[in-house]
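# Summary of structural features
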Amino acid sequence: LFPKTAAEIEQRTQDVIADVRTRIDHILAIAPQDRTFLNTAKALDDLESYSAICAISSMVLLLELVSRDKAIRDAAHAALLALQNFSVDTISHNVALYKALREYIEYGMQHEQLTADQQYYIEERLKEYHRAGLDFEEEKQLMVKALKKELAELTTQFDANIPQDSTILLFEPSQLAGLDQDVID
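The structure displayed is predicted, hence computed values, not measured ones. (Residues numbered from 1 in each chain as written. Predicted model: local features only at pLDDT ≥ 70, side-chain atom pairs only at ≥ 80, totals over all residues. Heavy atoms only, no water.)

## What to know about the packing of helix α2 (residues 37–48) against helix α6 (residues 116–131)
Across the interface, α2 lies against α6 with an axial gap of 11 Å and an inter-helix angle of 60 degrees. Taken together, α2 and α6 sit at an angle that is classed as oblique. Viewed along their axes, α2 and α6 form a crossing whose handedness is left-handed. Residues Phe37, Ala41, Leu44, Asp45 and Glu48 of α2 pack against Gln118, Tyr121, Ile122, Arg125 and Tyr129 of α6. Each residue belonging to the contact of α2 with α6 can be placed in one class, and the counts come to 6 nonpolar, 1 polar and 3 charged. (Axes fitted to C-alpha atoms, helices over the stretch in contact; angles between N-to-C directions. Helix = DSSP H or I, 4+ residues; strand = E, 2+ residues; numbered from the N terminus. Parallel < 35°, antiparallel > 145°, perpendicular 65-115°, else oblique. Left-handed = near helix turned anticlockwise from the far one by under 90°. Contact = heavy atoms within 4.5 Å. Nonpolar A, V, L, I, M, F, W, Y, C, P; charged D, E, K, R; others polar.)

Encoded structure:
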């Protein structure tokens, strides 16, 4: 289940990234007039919640936090950064995917009877693209993307620093007044 070597972490990360690129290429290859909810909006939803990318991200995060092997922790940290940057560059800030959804709205949506949940998904996805700055001119898009990447890197570094901290906190019993004894023990 879990990668056991730094090379395996890197390989699994690259495999997932390659698979996501293929899925994106399939979405983008659809002609505007051939777009449907299933081949565009649902495909985007599946892409964003793709279990393999979530699974590898969760695995490498856990390995970074708990592995005794520094090489594994370092490889996991690098994989997390790679996955986060990939996600920003290729999924959440992908102007072509945004345009594909807009094409579906323009060309295909009126030919389908969407459920309330499907309509809600489209509305929320458009809001997410807007919040990501994809409605902005390219210069502002690049600025938002850079900020997202910086935030992801700082968050990952913060998470990595927590298990490395060896600070010991000592308290007087009076400072623990009000806590249940099982918390204190």
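From this point, the discussion proceeds with the structure in view.
## Points about the side chain of His93
With respect to the helices, strands and loops of the structure, His93 is situated in the loop between α4 (70–92) and α5 (95–108). One polar contact links the side chain of His93 to the main-chain carbonyl oxygen of Ala132, over a distance of 3.1 Å. Apart from residues no more than four positions distant in its own chain, His93 is found in contact with Ser87, Val88, Ala132, Leu134, Val144, Lys145 and Lys148. (Polar contact = N/O pair within 3.5 Å; in protein donor to acceptor, adjacent residues only side chain to side chain.)

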